[in-house]
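What follows is the residue order along each chain.
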Amino acid sequence: MKDKILVTGGLGFIGSHVVVELQNEGFEVVIIDNLSNSSKDVLKGITAITGKEPAFEKFDLRDKSLVIDFFKRHHDVIGVIHFAASKAVGESVNLPLLYYENNLNTLIYILQELQKNKKSNFIFSSSCTVYGQADSLPITESAPVKVAESPYGNTKQIGEEIIKDTCKVSENLKAIALRYFNPIGAHESVKIGELPIGTPQNLVPFITQTGIGLREQLSVFGDDYPTKDGTCVRDYIHVVDLAKAHVAALKRLINNDNSSNYEEFNIGTGKGSTVLEVITAFEEVSNQKLNYKIVDRRAGDVVAAYAETTKANNVLGWKAKLSLKDALLSAWKWEQSLK
Ligand code: WQD
């Protein structure tokens, strides 16, 4: 009997790559997705890669009665990886209540169901955004959580607190929060990747769309920061490396290797790259010049953020293996496949 894992938001960018890695490791997967930021076609892409079609249910986790019903029908789910959430930083400033409802109510409803189980394993999709501009770099898990710069970032901070408080009173519930740095790239098969829904807010999809001619020019948000070339520094991690970190975290919980029933891990490469370095790397892998211009800074951007990954390396036994160029080449191949 295979261990059955629920992946909420499993047809999304990161979720779909995690489903592939879970299936590769022999887990049975059931996906819940409301398709608000994904497409049912992603199911075909996952199946084309692994040869196994995951079970899929389309509904909105904001409907508490549907969440209760799901867990009644799937009482054999032994783990949940929770991606379903809104994730656009800028949008969250204009629509705070949508973000607090969608990102927190859904988390609460799932945890309420897991509390009823005799044993539950929960992986939370968190973000380095909880650190804001860290006081020292690289950023360790013990770095202080700063006042959030956006409602999106606040929902990640509050989400971690909700899980922590729940784990304190539910010895049957074990949880790990994975604080992602900047996920980029696509699966090497070119069957799944980041879907181009709307204007990309993030750097790499905007770069690949500019490279393919969908966008006229990339705007680089500021080159007057105190960094090596004046542009911001981020830790860009290949989405497949990130996906493998989820499997490592899940196995830690299933095997009862966790030292406490709530743990946090930074998931990054440990290496920082400036925006101009990303552009240069993209030009090398795509063998073409990228059209960009320097414009004003973007509100809310931190100067630099990259991970100290010792804890994930030593405790999870996980380490990022793919390079910035590997990730950019995979993103470029994915973009070309969409033409
Ligand atoms: C990276 C760098 C921009 C676009 C956010 C969230 C984080 C996670 C990842 C959800 C910055 C610059 C960007 C552009 C640019 N989201 N940039 N021109 O802001 O580090 O992180 O997305 O999980 O939680 O905070 O990522 O890709 O938007 O920006 O110059 O058109 O690229 O200024 O320096 P960010 P990003």
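Residues numbered from 1 in each chain as written. Predicted model: local features only at pLDDT ≥ 70, side-chain atom pairs only at ≥ 80, totals over all residues. Heavy atoms only, no water.

(A) Structural context of the overall build of the protein. Each helix and strand counted, the protein has 11 helices and 14 strands in total. In terms of overall dimensions, the protein has C-alpha extents of about 55 × 45 × 40 Å along its principal axes. By the burial criterion, 53% of the 339 residues in the protein qualify as buried. Long-range contacts, defined here as pairs at least 24 residues apart, represent 80% of the contacts in the protein between residues at least 6 apart. Split by element, the accessible area of the protein, about 14,700 Å² in all, is 50% carbon and sulfur. (Helix = DSSP H or I, 4+ residues; strand = E, 2+ residues; numbered from the N terminus. Buried < 20%, exposed > 50% of the residue type's maximum accessible area, 1.4 Å probe, protein only. Contact = heavy atoms within 4.5 Å. Areas by Shrake-Rupley, 256 points an atom, 1.4 Å probe, with all protein chains shown as cover.)

(B) Quick peek at the environment of Ala88. Within the fold, Ala88 resides in the loop between β4 (77-82) and α4 (89-94). According to the relative accessible area criterion, Ala88 is partly exposed, its value standing at 22%. The residues touching Ala88, leaving out its near neighbours within four places in the chain, are Tyr99 and Tyr152.

(C) Examining helix α5 (residues 96-114) more closely. Here α5 is 19 residues long and its end C-alpha atoms lie 27 Å apart, about the 27 Å a rise of 1.5 Å per residue gives. The complete set of buried residues in α5 reads Tyr99, Asn102, Asn103, Leu104, Thr106, Leu107, Tyr109, Ile110, Leu111, Glu113 and Leu114. (Expected span 1.5 Å × (residues − 1).)

(D) Structural view of the site of the ligand. Of all residues adjacent to the ligand, which total 18 residues, the nearest are Tyr152, Leu203, Ser219, Arg234 and Asp301. Between the ligand and Phe221 there is a distance of 2.9 Å, counted from an oxygen atom to a backbone nitrogen or oxygen. Taken by itself the ligand offers 690 Å² of open surface, and the protein chains cover 90% of this. In terms of residues, the shell around the ligand owes the most to one element, strand β8 (residues 218-221), which gives four residues. Within the shell around the ligand, the residues separate by chemical class into nine nonpolar, six polar and three charged. (Near = heavy atom within 4 Å. Polar contact = N/O pair within 3.5 Å; in protein donor to acceptor, adjacent residues only side chain to side chain. Nonpolar A, V, L, I, M, F, W, Y, C, P; charged D, E, K, R; others polar.)

(E) Examining the side chain of His74 more closely. Along the chain, His74 turns up in the loop between α3 (64-73) and β4. In this structure His74 comes out as buried when scored by relative accessible area, which is 11%. A distance of 2.8 Å separates the side chain of His74 from the side chain of Lys4, its partner in a polar contact. With near-sequence residues (within four places) excluded, His74 lies in contact with Lys4, Val30 and Glu57.

(F) Spotlight on the sheet that holds strand β5 (residues 120-127). Overall, parallel pairing links the seven strands, which are arranged β3-β2-β1-β4-β5-β6-β11 in an open sheet. Each having just a single partner strand, β3 (55-57) and β11 (262-267) make up the two edges of the open sheet. On average, each strand axis in the sheet is tilted by 20° relative to the strand beside it, whichever way the strands run. As defined by bridge partners, strand β1 (residues 4-8) adjoins strand β2 (residues 28-32) across five bridges and the pair is classed as parallel. Paired with Ile5 across the two strands is Val29, which belongs to β2. (Pairing = 2+ DSSP bridges. Axes fitted to C-alpha atoms, helices over the stretch in contact; angles between N-to-C directions.)

(G) The arrangement of the UniProt feature "domain: NAD(P)-binding" (unreviewed entry) in the protein in detail. If you check UniProt for "domain: NAD(P)-binding" (unreviewed entry), the listed places come out as residues 6-326 in our numbering. Counting secondary structure, residues 6-326 comes out at 39% helix and 18% strand; the distance between its end C-alpha atoms is 29 Å. (UniProt positions renumbered as here; feature names shortened; annotations may be inferred.)

(H) A look at the layout of surface pockets. If you add up the space inside the second largest pocket, you get close to 430 Å³. Those elements that provide at least two residues to the lining of the second largest pocket are α8 (239-254) and α11 (324-337). Taken together, the residues of the lining of the second largest pocket sort by class into eight nonpolar, four polar and 10 charged. Residue contributions to the lining of the second largest pocket reach at least three from each of two domains, namely domain 1 (4-185 + 236-267) and domain 2 (203-234 + 270-337). (1 Å grid on protein atoms, 1.4 Å probe; cavity = no way out; pocket = protein on both sides within 12 Å on 5 of 7 lines; lining within 4 Å. Points joined across faces, edges and corners; volume = space filled by probe spheres on them. Domains from an automatic or database assignment.)

(I) Quick look at helix α9 (residues 275-286). With 12 residues, α9 should cover 16 Å at 1.5 Å per step; its first-to-last C-alpha distance of 16 Å lies within 8% of that length. Those residues of α9 that fall on the buried side of the exposure criterion are Val275, Leu276, Val278, Ile279, Ala281, Phe282, Glu283 and Ser286. Looking at the packing, one finds that the buried side of α9 touches α7 (203-212), β8, β10 (236-238), β12 (273-274), β13 (292-295) and α11. Where α9 terminates, the next one or two residues include Asn287, which has phi positive at roughly 55°.

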